[in-house]
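So you can see what is in the structure, the chains are spelled out below.
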Amino acid sequence: MDRISESEYLELSEKVKRGLTENALKGLWNGGNIPFGLMVGEDGSLVFNPVTAPVVREIFEHYDRGDTMSEIRDWLNKEGIKTKKGKAFTVGGVSVILKNRKYIGEYKYGDIVTPDGIPAIIDNELFERVQRRMKANKKAPARATAVEEYLLTTKLYCGDCGRLMAGESGKGCKGIVYHY
């Protein structure tokens, strides 16, 4: 590139960045994947999708009540609810929804974070309860791998150190299974 076209390119690049930043500050969608439950309105901002926004709310409520991500996935698929791409839900898809801060109205573009930049589908309290439960469940991976279902996994804490307790089992030399 010669100097003139390079300077024009840099100037255009700055204008585009400035425009995208202004859009972000106004809560206008700058492109990319639109989260499940939301859609782009006529003015370019994210708005509720009247069909899927209530589903997002129910997903959070199910998890808050104690349902696992697998149970939520099964419920969504049994109800015939599809992802934005028309596919069946996966545990990973449920996890992405439960972690997405856009559902509390937080709009993020690059380094710009705008609280209440978009309409909130759920309130902060529900979102924070779900995040705490997800964090606690992440520390108890044995529940997902155990052959036996230990009902108190993710609910029972050590009285001394406060860490989560998880059930375990092992076979003795005579083949008898012992549960701990």
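Going by the structure above, here's the rest.
Residues numbered from 1 in each chain as written. Predicted model: local features only at pLDDT ≥ 70, side-chain atom pairs only at ≥ 80, totals over all residues. Heavy atoms only, no water.

Peer 1: So what exactly am I meant to see when it comes to the pattern of salt bridges here?
Peer 2: Opposite charge on two side chains makes pairing possible when the charged atoms of those side chains draw close. This structure, assessed with the given rule, holds four salt bridges. Here Lys-15 makes a salt bridge to Glu-11, at a shortest N to O gap of 3.5 Å. On the criterion of helical spacing, the pair formed by Lys-15 and Glu-11 is a turn pair, its members being four residues apart in helix α1 (residues 3–26). By relative accessible area, which is 45% here, Lys-15 ends up partly exposed. Look at Glu-11 and you get partly exposed, because its relative accessible area is 47%. (Salt bridge = Lys/Arg side-chain N within 4 Å of Asp/Glu carboxyl O. Helix = DSSP H or I, 4+ residues; strand = E, 2+ residues; numbered from the N terminus. Buried < 20%, exposed > 50% of the residue type's maximum accessible area, 1.4 Å probe, protein only.)

Peer 1: Can you help me understand the side chain of Asn-100 in this one?
Peer 2: When you line up the elements, Asn-100 lands in the loop between α4 (91–99) and β3 (107–109). The buried category is assigned to Asn-100, whose relative accessible area is 19%. In terms of polar contacts, Asn-100 uses its side chain to reach the backbone amide nitrogen of Lys-102, at 2.9 Å. What Asn-100 contacts, discounting residues up to four positions off in sequence, is Pro-35 and Phe-127. (Polar contact = N/O pair within 3.5 Å; in protein donor to acceptor, adjacent residues only side chain to side chain. Contact = heavy atoms within 4.5 Å.)

Peer 1: Help me understand helix α3 (residues 69–78) in this model?
Peer 2: Helical geometry note: an α-helix holds 3.6 residues per turn, so side chains three or four residues apart project in the same direction. Along α3, the residues classified as buried are Met-69, Ile-72, Trp-75 and Leu-76. Projected onto a plane normal to the axis of α3, the buried residues spread over an arc of 120° and lie on a single side. Tucked into the core, α3 has its buried residues touching α2 (53–65), α4 and α5 (124–138). Positioned one or two residues after α3, Gly-80 has a phi angle of 80°, which is positive. (Arc of directions from axis to C-beta.)

Peer 1: How should the nonpolar core be read in this particular structure?
Peer 2: Note that soluble globular proteins tend to have their nonpolar side chains buried in a common cluster. Residues Ile-59, Phe-60, Leu-76 and Leu-98 are the most contacted members of the largest nonpolar core, which totals 31 residues. Secondary structure elements with two or more residues in this core: α2, α3, α4 and α5. Sort the elements by how many residues they give to this core and α2 lands first, with six residues. Dropping the residues within four chain positions of it, Phe-60 is found in contact with Ile-97, Leu-98, Tyr-103, Ile-122, Leu-126, Phe-127 and Val-130. (Core = buried A, V, L, I, M, F, W, Y, C linked by side-chain atoms within 4.5 Å.)

Peer 1: Please explain the packing of α2 against α3 as it appears in this structure.
Peer 2: Helix-helix packing is characterised by the crossing angle of the two axes and by the distance between the axes. For the pair α2 and α3, interaxial distance at closest approach is 10 Å and the crossing angle is 145°. Regarding α2 and α3, the two cross each other, and that crossing is right-handed. Residues Val-55, Glu-58, Ile-59, His-62 and Tyr-63 of α2 form the contact with α3, whose participating residues are Met-69, Ile-72, Trp-75 and Leu-76. Residues of the contact of α2 with α3, tallied by class, amount to seven nonpolar, one polar and one charged. (Axes fitted to C-alpha atoms, helices over the stretch in contact; angles between N-to-C directions. Left-handed = near helix turned anticlockwise from the far one by under 90°. Nonpolar A, V, L, I, M, F, W, Y, C, P; charged D, E, K, R; others polar.)

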